[in-house]
Amino acid sequence: MELSNIKDAFDRVAKKQKLSSSKSQEVIDQVGREIEDALAKLQADPASSVDQKCILMELKTKLSIIGSQSQLEGSQKELNMNLSKYPRLLEKSFNPDISKAYRNVDFDFHTVNQIIASHFYRQGLFDIGECLINEAGEPEDTALKSQFLEMFQILDAMKARDLEPALNWVSNNREKLKQNGSNLELKLHRLQFVEILQKGGRADALNYARTYLAPFASLHMDEIQKLMACLLWVGRLDSSPYSELMVPSLWEKLAEELTRQFCSLLGQSYESPLSVAIAAGIEGLPTLLKLANVMAAKKQEWQAMKQLPVPVDLGREFQFHSIFVCPVSRDQGSEENPPMLMPCGHVLCKQSIMKLSKSSTRMFKCPYCPNESTVGQCMQLYF
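Residues numbered from 1 in each chain as written. Predicted model: local features only at pLDDT ≥ 70, side-chain atom pairs only at ≥ 80, totals over all residues. Heavy atoms only, no water.

Trainee: Which parts of the structure should I look at to understand the overall build of the protein?
Mentor: Counting its secondary structure elements, the protein contains 14 helices and 5 strands. Whereas a compact globule of 383 residues would reach a radius of gyration of roughly 21 Å, the protein reaches 33 Å, over 25% beyond that. By its C-alpha atoms, the protein is 105 × 75 × 50 Å across when sized along the principal axes. Taken across its 383 residues, the protein has 31% of its residues classed as buried. Of all intrachain contacts in the protein linking residues separated by at least 6 positions in sequence, the fraction that spans at least 24 positions is 58%. Roughly 24700 Å² of accessible area belongs to the protein as shown, and the carbon and sulfur atoms make up 54% of that amount. Looking at the protein, you have 44 positive and 47 negative side-chain charges, and the mean spots of the two groups are 7 Å apart. (Helix = DSSP H or I, 4+ residues; strand = E, 2+ residues; numbered from the N terminus. Rg over C-alpha atoms; globule rule 2.2 N^0.38 Å. Buried < 20%, exposed > 50% of the residue type's maximum accessible area, 1.4 Å probe, protein only. Contact = heavy atoms within 4.5 Å. Areas by Shrake-Rupley, 256 points an atom, 1.4 Å probe, with all protein chains shown as cover. Lys, Arg positive; Asp, Glu negative; His and termini not counted. Charge placed at Lys NZ, Arg CZ, Asp CG, Glu CD.)

Below, the structure written as structure tokens:
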């Protein structure tokens, strides 16, 4: 959808509105100043009627020179012209009758109901999901609902700066997270360490580090050393070289990462399939509407088409591959040999990465760029 023209037109209207408002305020202020000056002169010499008449005549002349009415009419006229063009552009760009792109397609109502209910669950709208399931007479997916309920309880606790539920979850799923190449547990402990350092002091933070951060020292020594250096800045960590550890956005990023990992372990995508399908439909709608209009003009049957005669470009964010083939080994990905995302952004199968690394801790070079990484830094993609 070409939205740039609409945005440009909107920006022009907004600019004209600001100019009109600014001009109006300028004229009003100028008129106000002239009237205030005239009042001051009248109050200074209230006895002389001749002088008062002269002051009023002078005020009339100045207001005439200002030409407030003509100035306001000019700026308002330009604004009205742009406002009148904008609705016509919207009508041209957005066809209100989207039913032209509709096609009769057989689909399973049960599957659709489950998809919609699942969407509400993953949004945390459990009451709406339950209402839909009950009114549609569908069997409730209790397992999926309870799992998403657990996720939102963890996220709600994180909003309240309580990391205990999140730490319990990563502890219970430690091995699965390692298989995904996730260091979420370390990040949560790092955040908890900083919170304790700010609230409890050096001794409590040091005890926490000995208990929970020490196991990560062999693979993440640089990170641990940075946290230990924070002990020297108790009470003034916000002005230390490590102040980035206190940025509030870290909590939001960690909540997003936890959501991604939670969905991955559930075998669910991070984005709601319903949201993705609707977004893709909106993106492709202008092309479908144009195609439907062209075919109607040629008196061809839109409903009878089995394949679209034109491509519908949905952008890279809507490109999905059901099959992954490793570019190194040429093997097709599987649950036993899943695709792994390296820090540089390239993706190889797990077996290829293990062959390249020869060791879980040994650095190896990406076959497609100069970057180096370890197996632990690679993240398993959902398969």
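Let us keep going from here.
Trainee: Would you mind showing me how to read the sheet that holds strand E2 (residues 347-349) here?
Mentor: In any sheet, the strands associate via hydrogen bonds between backbone groups, in a parallel or an antiparallel arrangement. Across the sheet, which stays open at both edges, the 3 strands sit in the order E2-E1-E5 with antiparallel pairing between neighbours. In this open sheet, the two edge strands, each paired with only one partner strand, are E2 and strand E5 (379-380). Pairing between strand E1 (residues 339-341) and E2: 3 bridges, direction antiparallel. If you follow Pro 339 over to E2, its bridge partner there is Cys 349. Across the sheet, helix H14 (residues 350-357) is in contact with E1 and E2; its angle to E2 comes to roughly 90°. (Pairing = 2+ DSSP bridges. Axes fitted to C-alpha atoms, helices over the stretch in contact; angles between N-to-C directions.)

Trainee: Looking at this structure, I do not really get helix H11 (residues 221-229). What am I missing?
Mentor: Residues separated by three or four positions in an α-helix point in the same direction, a consequence of the helix having 3.6 residues per turn. Those residues of H11 lying buried are Glu 223, Ile 224, Leu 227 and Ala 229. In this structure, the buried residues of H11 make contact with helix H9 (184-199) and helix H10 (202-213).

Trainee: Explain unusual backbone geometry to me, please; I cannot follow it from the model alone.
Mentor: What is expected of a backbone is that most residues other than glycine have negative phi and most peptide bonds are trans. Positive phi values are uncommon outside glycine, yet Arg 161 reaches one of about 60°. As for its placement among the helices and strands, Arg 161 is situated in the loop between helix H6 (142-159) and helix H7 (164-172). The exposure class assigned to Arg 161 is partly exposed, which follows from its relative accessible area of 38%.

Trainee: What is the right way to look at H7 in this model?
Mentor: Along H7, the positions that sit buried rather than exposed are Ala 166, Leu 167, Trp 169 and Val 170. Buried residues of H7 fall within an arc of 160° about the axis and therefore sit on the same side. Pointing more than 90 degrees away from the buried face of H7 are the exposed residues Glu 164 and Asn 172. Those residues of H7 hidden inside the fold are in contact with H6, helix H8 (174-179), H9, H10 and helix H12 (249-265). (Arc of directions from axis to C-beta.)

Trainee: Got a minute to help me understand the packing of aromatic side chains in this structure?
Mentor: The way to describe two aromatic rings as a pair is by their centre distance and the angle between their planes. For the structure on display, the rule yields 5 aromatic pairs. An angle of 90° between the planes, with centres 5.9 Å apart, marks the rings of Phe 126 and Phe 152 as edge-to-face. One end of the pair, Phe 126, is in helix H5 (residues 126-136); the other, Phe 152, is in helix H6, and 26 residues separate them in sequence. Grouping residues by exposure puts Phe 126 and Phe 152 together as buried. (Phe/Tyr/Trp six-rings, centres within 6.5 Å; stacked < 30°, edge-to-face > 60°.)

Trainee: What should I look at first to understand empty space enclosed by the protein in this one?
Mentor: Rolled over the atoms, a probe as big as a water molecule pinpoints where empty space is left. According to the stated counting rule, one finds 1 cavity of 30 Å³ or more in the structure shown. Space inside the largest cavity adds up to approximately 50 Å³. The set of elements that each furnish at least two residues to the lining of the largest cavity consists of helix H1 (4-44) and helix H2 (49-66). Each residue belonging to the lining of the largest cavity can be placed in one class, and the counts come to 3 nonpolar, no polar and 5 charged. (1 Å grid on protein atoms, 1.4 Å probe; cavity = no way out; pocket = protein on both sides within 12 Å on 5 of 7 lines; lining within 4 Å. Points joined across faces, edges and corners; volume = space filled by probe spheres on them. Nonpolar A, V, L, I, M, F, W, Y, C, P; charged D, E, K, R; others polar.)

Trainee: Before we go on, may I ask you to explain the confidence of the model for the protein in this structure?
Mentor: Where the model shows low pLDDT, its predicted coordinates should not be examined in detail. Confidence in the prediction for the protein averages 84 pLDDT; 93% of positions are at 70 or higher. Per-element averaging of pLDDT across the protein places helix H3 (residues 68-93) at the bottom with 77 and H7 at the top with 94. (pLDDT = per-residue confidence, 0-100.)

Trainee: Is there a simple way to think about the environment of Ile 128 in this case?
Mentor: By secondary structure assignment, the location of Ile 128 is in helix H5. When the C-alpha positions of Ile 128 and Ala 117 are compared, they lie 7.9 Å apart, and in sequence the two are 11 residues distant.

Trainee: Explanation requested: the packing of H6 against H7 in the structure shown.
Mentor: The relative placement of two packed helices is expressed as an angle between their axes plus a distance between the axes. With their axes 7 Å apart at the nearest point, H6 and H7 run at an angle of 135° to one another. Considered as vectors, H6 and H7 are oriented oblique to each other. Packed against H6, whose contacting residues are Glu 150, Ile 154, Ala 157 and Met 158, the element H7 presents Pro 165, Ala 166 and Trp 169 at the interface. When grouped by side-chain class, the residues that make up the contact of H6 with H7 number 6 nonpolar, no polar and 1 charged. (Parallel < 35°, antiparallel > 145°, perpendicular 65-115°, else oblique.)

Trainee: I'm lost on the environment of Phe 216 in this one. Help?
Mentor: On the secondary structure map, Phe 216 appears in the loop between H10 and H11. Sequence spacing of Phe 216 and Leu 186 is 30 residues, and the spatial spacing of their C-alpha atoms is 7.2 Å. Not counting residues within four places of it along the chain, the set of residues in contact with Phe 216 comprises Glu 185, Leu 186, His 189, Met 221 and Ile 224.

Trainee: Looking at this structure, how should I read the pattern of salt bridges?
Mentor: One side chain can pair with another of opposite charge once the charged atoms of both are near each other. In total, this model carries 12 salt bridges according to the counting rule given. With its nearest N and O atoms 3.2 Å apart, the salt bridge here joins Glu 140 to Lys 145. For Glu 140, a relative accessible area of 37% gives the class partly exposed. Lys 145 gets classed as buried once you look at its relative accessible area, which sits at 16%. In this structure, Glu 256 engages Arg 260 in a salt bridge whose closest nitrogen and oxygen atoms are separated by 3.4 Å. Placement of both Glu 256 and Arg 260 in helix H12 is noted, with a separation of 4 residues, approximately one turn of the helix. In this structure, a network of salt bridges that share partners links the residues Glu 34, Lys 41, Glu 58 and Lys 62. (Salt bridge = Lys/Arg side-chain N within 4 Å of Asp/Glu carboxyl O.)

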